[in-house]
Amino acid sequence: MQKWVFLFPGQGSHYVGMGREFYEDYSEVRELFQSAGEILRMDLVKLCFEGPENELVLTENVQPAITAVNLACLAVLRLHEIFPVAAAGHSLGEYSALFASGVLEFQDVMRLVQWRGRLMHEASLCEPGAMAAIMDFDEDRLREICTLCDVEVANINSPDQIIITGRSEPVDRAMAMSADSGAKKCVKLNVSGPWHSRCMALAKEKFEPHVLQCSFRNPQIPVVSNVDALPLQSAEEAPRKLVEQICGSVLWRQSMEWLIRSGYDHFVEVGPKKVLRGLMRRIDRNVKVMNVEDPESLAAFLQANRQG
């Protein structure tokens, strides 16, 4: 039996039908979806399994939907007596990691991600913008370009992928400058707002009171935060880090590097798609990384866990 770090995906990992097979196979997952739907007053079953895509993709819908599927996958692993020794989540996924580590209760997680989605959507209407992936480019040079163009670094995902964010025209200029300076590829992302930028300041301000209403507990296992790539030391730190995350950069590569330096070498992505699994392979090919999102991936994971 291996010791696994659980990684939870965030916005962008959704698809219509996510979580359906676990819902059909496990009464515990059906109960989880029912509880989440009652807390949120949303039909998460219809949203996750039937969509339509243009409704599921809306920020205020997709954030609670992905979180519900993440926690459903976590519940299935718990039923198989697989528990994390550490956890991290990418942006939105950090809320699932905080639940897995015992910092937040289910009800507070679901309410927070619903508010987070709503308020980020509202902020994007007030200050619209864009995001772009810059591939295979020097980080220091990219930061210089961001300063020149008045955009920000949203995510440091891997050694060869950094996401920039800000108002649309400055993002376009930064993409062009990066390409001219040698970036291998620059791709505008299909997102509805400039996430993790100062354009989200209104969302950050309105979100803070909701965070402060929640009860936080000390983590039972290490849970690495996006904003500083360090493990949460106490319950008192958690609210500030969640509020800062709204406008701050997601230091994913640095978070994974902290875990690897600390001796962790078995990772499993718990939730829809394989985005984090793919990023980990670009961060360090020497670690074991799998994913669990449906019965097929679960069976492969359980077999690998037995084999050690």
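Residues numbered from 1 in each chain as written. Predicted model: local features only at pLDDT ≥ 70, side-chain atom pairs only at ≥ 80, totals over all residues. Heavy atoms only, no water.

## Examining the environment of Asn 286
So, point 1. If you trace the backbone, Asn 286 turns up in the loop between helix H13 (275-283) and strand S9 (288-292).
So, point 2. Overall, Asn 286 belongs to the exposed group, its relative accessible area being 73%.
So, point 3. For the pair Asn 286 and Asp 265, spaced 21 residues apart in sequence, the C-alpha to C-alpha distance is 7.9 Å. (Helix = DSSP H or I, 4+ residues; strand = E, 2+ residues; numbered from the N terminus. Buried < 20%, exposed > 50% of the residue type's maximum accessible area, 1.4 Å probe, protein only.)

## Notes on the layout of surface pockets
So, point 1. One number sums up the size of the largest pocket: a volume of about 830 Å³.
So, point 2. Gln 11, Gly 12, Ser 13, Leu 189 and Val 191 are the residues nearest the centre of the largest pocket, which is lined by 35 residues in total.
So, point 3. Going through the elements one at a time, helix H5 (59-79), helix H7 (106-126), strand S3 (130-135), strand S4 (152-158), strand S5 (161-166) and H13 are the ones with two or more residues in the lining of the largest pocket.
So, point 4. Of the residues forming the lining of the largest pocket, the biggest block, 4 residues, is contributed by H5.
So, point 5. Here the residues of the lining of the largest pocket are counted per class, giving 15 nonpolar, 16 polar and 4 charged.
So, point 6. For the lining of the second largest pocket, a count of residues per class yields 4 nonpolar, 3 polar and 2 charged. (1 Å grid on protein atoms, 1.4 Å probe; cavity = no way out; pocket = protein on both sides within 12 Å on 5 of 7 lines; lining within 4 Å. Points joined across faces, edges and corners; volume = space filled by probe spheres on them. Nonpolar A, V, L, I, M, F, W, Y, C, P; charged D, E, K, R; others polar.)

## Quick look at the pairing of S3
So, point 1. With respect to burial, S3 is a largely interior element, 6 of its 6 residues being buried.
So, point 2. Of the two faces of S3, the one carrying Ala 130, Ala 132 and Ile 134 and the one carrying Met 131, Ala 133 and Met 135 are both buried.
So, point 3. Sheet topology note: the S3/S5 ladder contains 6 bridges and is antiparallel. Looking at the pairing, Ala 133 lines up with Ile 163 of S5.
So, point 4. Alignment of S3 against strand S6 (residues 185-188), held across 4 bridges, turns out to be antiparallel. Across the sheet, the residue bridging to Ile 134 is Cys 186, located in S6. (Pairing = 2+ DSSP bridges.)

## What to know about a negative patch on the surface
So, point 1. Together, Glu 21, Glu 24, Asp 25 and Glu 296 line one region of the surface with negative charge.
So, point 2. It is helix H1 (residues 20-25) that provides the largest number of residues to the negative patch, a total of 3 residues.
So, point 3. Mapped onto the elements, Asp 25 comes out in helix H1. (Patch = residues over 30% accessible without salt bridge, like charges linked within 9 Å, V, L, I, M, F, W, Y side chains within 5 Å. Areas by Shrake-Rupley, 256 points an atom, 1.4 Å probe, with all protein chains shown as cover. Salt bridge = Lys/Arg side-chain N within 4 Å of Asp/Glu carboxyl O. Lys, Arg positive; Asp, Glu negative; His and termini not counted. Charge placed at Lys NZ, Arg CZ, Asp CG, Glu CD.)

## Considering the sheet that holds S3
So, point 1. The sheet built from 4 strands is open, its strands ordered S4-S5-S3-S6 with antiparallel pairing. Of all strands in the sheet, those bounded by a partner on one side alone are S4 and S6. Looking at each pair of strands side by side, their axes are set apart by 20° on average, direction ignored.
So, point 2. The sheet contact formed by S4 and S5 spans 5 bridges and is antiparallel. Each residue of the ladder has a partner; that of Asn 155, found in S5, is Ile 163.
So, point 3. With respect to the sheet, helix H8 (residues 139-149) is in contact with S3, S4 and S5, its orientation differing from that of S4 by roughly 160°.
So, point 4. The sheet contacts of H13 involve S3, S4 and S5, and relative to S4 the element is tilted by about 80°. (Axes fitted to C-alpha atoms, helices over the stretch in contact; angles between N-to-C directions. Contact = heavy atoms within 4.5 Å.)

## Points about unusual backbone geometry
So, point 1. Cis geometry is found at the peptide bond from Gly 51 to Pro 52, where omega equals 0°.
So, point 2. Along the chain, Pro 52 falls in the loop between helix H3 (44-50) and helix H4 (53-56).
So, point 3. Although it is not a glycine, Asp 136 sits at a positive phi angle of roughly 50°.
So, point 4. Residue placement: Asp 136 occurs in the loop between S3 and H8.
So, point 5. Here the phi dihedral of Lys 273 falls at roughly 65°; this positive angle occurs in a residue that is not glycine.

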